[in-house]
Structure formats: structure tokens, C-alpha cells
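Working through the structure, step by step
What follows is the residue order along each chain.
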Amino acid sequence: MLNKIQSMELYLIRHGIAEDKGLGIKDEERSLTKEGRQKTEKVAQKLVKLGLNFDLILTSPLVRARQTAEILIAEKLSSKLEESSHLAHDGQISSWLKDWLEPRNYSQNTQLALVGHEPDLTNWAEILLWGEVKGSLVLKKAGMIGIKLPETGSPLGRSQMFWLTPPKYLL
């Protein structure tokens, strides 16, 4: 597994409020609603005021997640955006670590934002924190979990949470 991660912080960000399921729209094509865009923009503006800046924003390819990531880019939280199929529904953190995170060489104190979906993001967070899914964390739409990965060895069950914020505290 991972040998060396240079003080990486992961920010797991759930997409904003999207169109309801069952409106004749394919799930992967559901867009943010007007309210979802507005709330996500306000959350992003608050993150800027708090001094956050991501080295990279990695997003699910689904429309609502991509739109959320684009709002973060528009608010200048990062200048780099990439898509990862690992962040689509049912993505596995072990696959993401092996296929995406391990091969990259990150600089010291990298801050990486992952924009995705529930329950995947809380599952990933719990696996990083406790090594298993416990169903204990709640991540609201446009909310964020911050997790610091250990500098050496596998991050699974060895990471530390430093941030869990529902969007209402950022609006």
C-alpha cells in the first residue's frame, strides 16, 4: 500500500442540492437546482474567507458533482480540476488509493478536495478513520469532512478527522 504521503489533507465535499430523482432524468445527469447552486456558492465563498486553497479538486463525473466542483473553481479555491470515476457511485477507496493516489508524487502539505456523493464519501471517511464503515458520520449536501492522512504507511484506519461541517455553519 502507500509508503509515503507528504502530510496530505483530504477534503471530502458532497455535491450541492440537485434535482429530485424520478423526474425522468437519468441519475448521472441530475443537475444542481438554483438553490443548490446558490448555497454551494455561499459555502465556497466562506471557504475562501477561511483561507482554504486546494492543490487539486477531484470530482465525480456525475453532473451535480461536476457542477459543484466548477463552483469551487470559479470561487478560486483551486486552479486545477480533474475527474475520477472512482468518485462516482459505489467507488471503492482501496481502488482509488491504488489506482489514483499511490502513483502520484505530491508535494509537502498537499490539500486535495474530493467532490462526490453519499453514502460513498462518509464510507470513505470512516474507512480512513476506523478501518471500517460504521454508519456514524453524516455529510449534508455541500458539507465537508477534512481528514489528515498519516505520513507513512496505509491511511486505512490510521487517519485523523479535523473537520466536519454541515453547510448551515458556512452560510
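The protein carries the name Phosphohistidine phosphatase SixA in an unreviewed UniProt entry, which gives Nostoc commune NIES-4072 as its organism.

Of the residues in the protein, 95% have a pLDDT of 70 or more, and the chain-wide mean is 91. Ranking the helices and strands of the protein by mean pLDDT puts helix α2 (residues 63-74) first, with 98, and helix α3 (residues 93-101) last, with 85.

Our next topic: the UniProt feature "binding site: substrate" (unreviewed entry) in the protein. Cross-referencing UniProt, the feature "binding site: substrate" (unreviewed entry) maps to Arg64 in the present numbering. Following the sequence through the fold, Arg64 ends up in helix α2. Excluding its chain neighbours within four sequence positions, the residues that come into contact with Arg64 are His15, Ala18, Asp27, Glu28, Arg30, Ser31, Leu32, His89 and His117.

Right, let's talk about the sheet that holds strand β5 (residues 144-148) for a bit. Taken in spatial order, the six strands of this open sheet run β3-β2-β4-β1-β5-β6, and their pairing is mixed. The open sheet has two free edges, formed respectively by β3 (81-83) and β6 (160-165), since each of these has just one partner strand. Across the sheet, the mean angle separating the axes of adjacent strands is 20 degrees when strand polarity is ignored. Packing against the sheet, α2 makes contact with β1 (9-14), β2 (56-59), β3 and β4 (111-116), and its axis sits at approximately 165 degrees to β2.

In terms of nonpolar packing, the biggest core is built from 24 residues, with Leu10, Trp96, Trp100, Leu101, Leu112, Leu114 and Ile147 touching the most fellow members. Counting residues per element, the ones that place at least two in this core are β1, β2, α3, β4, α4 (120-130) and β5. The residues contacting Trp96, other than those within four sequence positions of it, are Leu10, Leu58, Ser84, His86, Leu101, Leu112, Leu114 and Trp124. Core analysis: the next-biggest nonpolar cluster, separate from the first, contains 20 residues, Leu52, Leu72, Ala113 and Ala142 among them.

Turning our eyes to something else, we now look at the pairing of β2. A two-sided burial pattern is seen for β2, the buried positions comprising Leu56 and Leu58 on one face and Ile57 and Thr59 on the other. Sheet topology note: the β2/β3 ladder contains three bridges and is parallel. By the bridge assignment for β3, Thr59 is matched with Glu83.

Looking at the element boundaries, Lys98 is found in helix α3. Exposure remark for Lys98: the relative accessible area of 57% places this residue in the exposed category. C-alpha of Lys98 to C-alpha of Ala125: the two residues are 27 residues apart in sequence and 16 Å apart in space.

Conventions and cut-offs
- Residues numbered from 1 in each chain as written.
- Predicted model: local features only at pLDDT ≥ 70, side-chain atom pairs only at ≥ 80, totals over all residues.
- Heavy atoms only, no water.
- pLDDT = per-residue confidence, 0-100.
- Helix = DSSP H or I, 4+ residues; strand = E, 2+ residues; numbered from the N terminus.
- UniProt positions renumbered as here; feature names shortened; annotations may be inferred.
- Contact = heavy atoms within 4.5 Å.
- Pairing = 2+ DSSP bridges.
- Axes fitted to C-alpha atoms, helices over the stretch in contact; angles between N-to-C directions.
- Core = buried A, V, L, I, M, F, W, Y, C linked by side-chain atoms within 4.5 Å.
- Buried < 20%, exposed > 50% of the residue type's maximum accessible area, 1.4 Å probe, protein only.

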